[in-house]
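Letter by letter, the chains look like this.
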Amino acid sequence: MSVGEHQFTLNNRQVNYHEAGLHHSRSVLLLHGGIGDAKLNWLDMIPLLAEDYHVLAPDLPSFGGTEAVSTNKNLSDVASWLIDFLKSQDVEQVVVIGNSFGALIARFMAVKYPQIVVGIIMCNGGYIPDVPPAVRILMKFPIVSGILSNMLAKIATSPESLNELFYHEEAITPEFIACAKANTAGYAKLMKMTAVQPPLSDKPMVAMLILWGVEDKSIALSVGHGLKNTLGNADFVEIENCGHFPHLEEPDIFEWQVKQFLTQHNSGKRSAIPGS
């Protein structure tokens, strides 16, 4: 199935997104994290899910072909921007699948807009980082926050740091590294928004699944279990021989997990789930 790439203007800013599947099907929104853009993360997965669903994968603001949005001050604002994006595409209800930072944004969307976001799948993300109070204060100063967040983003997208994210080293291609570096500015902005994000005390009251690559050296498996304990009613699946990107390293398992979740969300039951 072919995947279309489209551009349009939303709130006076250009948005780039990928799309496949029939509009009358159930909609799925794919959110990338701070590494790369929608194409790098989701291009191979979109046609697999589009066999049964209407799939949308936008570049987040300041990533890929989507322009920066000055009114986005924290992740709650990004969640609201994504709801505007969905409305522009005439999507009334959606299941959101997010990786890393994208998982946390999916969580915010579910808390703020449960009438639109009816389910979320969080992949190696979704937890709220414990940011020291001193860092939160520093991030309120534009010059200091810009220098600090850009420095951390460059470190996070270095080849050495990317090695920590993958179990299969062959997945770290020159193209992957180039795309990660090209989107460093977007990563820096996500880090800054996370640091100043007000606490999120409410839990999503929607169907939830957490997928976690066991070999992720950047975020320990214990963090995933802590997220499960915090949310309470989320299913949790460990994926063996996989790092920070289950959709890239174990696409067959990822596809199966997603389709099982979507099917069982309709029927209200879950069957046995493989993770390896």
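Data block above holds the structure.
Residues numbered from 1 in each chain as written. Predicted model: local features only at pLDDT ≥ 70, side-chain atom pairs only at ≥ 80, totals over all residues. Heavy atoms only, no water.

Draft legend 1. Up close: the overall build of the protein chain. When its secondary structure is counted, the protein chain shows 12 helices and 8 strands. A compact globule built from 276 residues would reach a C-alpha radius of gyration of about 19 Å, and the protein chain, at 17 Å, matches this within 12%. The principal-axis extents of the C-alpha atoms in the protein chain amount to approximately 50 × 40 × 40 Å. Within the span of the protein chain, comprising 276 residues, buried residues form 54% of the whole. Of the roughly 12000 Å² that the protein chain leaves accessible, carbon and sulfur atoms contribute 55%. For the protein chain, the distance from the average position of its 19 positive side-chain charges to the average position of its 28 negative side-chain charges is 11 Å. (Helix = DSSP H or I, 4+ residues; strand = E, 2+ residues; numbered from the N terminus. Rg over C-alpha atoms; globule rule 2.2 N^0.38 Å. Buried < 20%, exposed > 50% of the residue type's maximum accessible area, 1.4 Å probe, protein only. Areas by Shrake-Rupley, 256 points an atom, 1.4 Å probe, with all protein chains shown as cover. Lys, Arg positive; Asp, Glu negative; His and termini not counted. Charge placed at Lys NZ, Arg CZ, Asp CG, Glu CD.)

Draft legend 2. Just the packing of helix α3 (residues 75-88) against helix α4 (residues 101-112), in detail. α4 packs onto α3 with a crossing angle of 75° between their chain directions and a minimal axis gap of 9 Å. With respect to their mutual orientation, α3 and α4 come out roughly perpendicular. Contact residues: L75, S76, V78, A79, S80, L82, I83 and L86 in α3; L104, I105, F108, M109 and K112 in α4. Of the residues belonging to the contact of α3 with α4, the class tally is 10 nonpolar, 2 polar and 1 charged. (Axes fitted to C-alpha atoms, helices over the stretch in contact; angles between N-to-C directions. Parallel < 35°, antiparallel > 145°, perpendicular 65-115°, else oblique. Contact = heavy atoms within 4.5 Å. Nonpolar A, V, L, I, M, F, W, Y, C, P; charged D, E, K, R; others polar.)

Draft legend 3. Highlighting helix α10 (residues 221-231). Residues G224, L227 and L231 constitute the buried set of α10. An end-on view of α10 places all buried positions within 55° of arc, on one side of the element. Looking at α10, the residues exposed on the side facing more than 90 degrees away from the buried face are S222 and N229. Against the buried residues of α10 lie α4, β6 (117-123), β7 (207-213) and β8 (235-239). Once α10 ends, the next one or two residues include G232, with phi positive near 80°. (Arc of directions from axis to C-beta.)

Draft legend 4. Here's a closer look at the nonpolar core. Ranked by size, the top nonpolar core spans 59 residues in total, and within it L29, L86 and M109 carry the most contacts. The dominant element in this core, judged by the number of residues it contributes, is α4, at 9 residues. If sequence neighbours within four positions are ignored, L29 has contacts with L56, P58, L82, F85, L86, V94, V95, V96, I97 and M109. V55, I121, L211 and L262 belong to the second-largest nonpolar core, a separate cluster that totals 27 residues. (Core = buried A, V, L, I, M, F, W, Y, C linked by side-chain atoms within 4.5 Å.)

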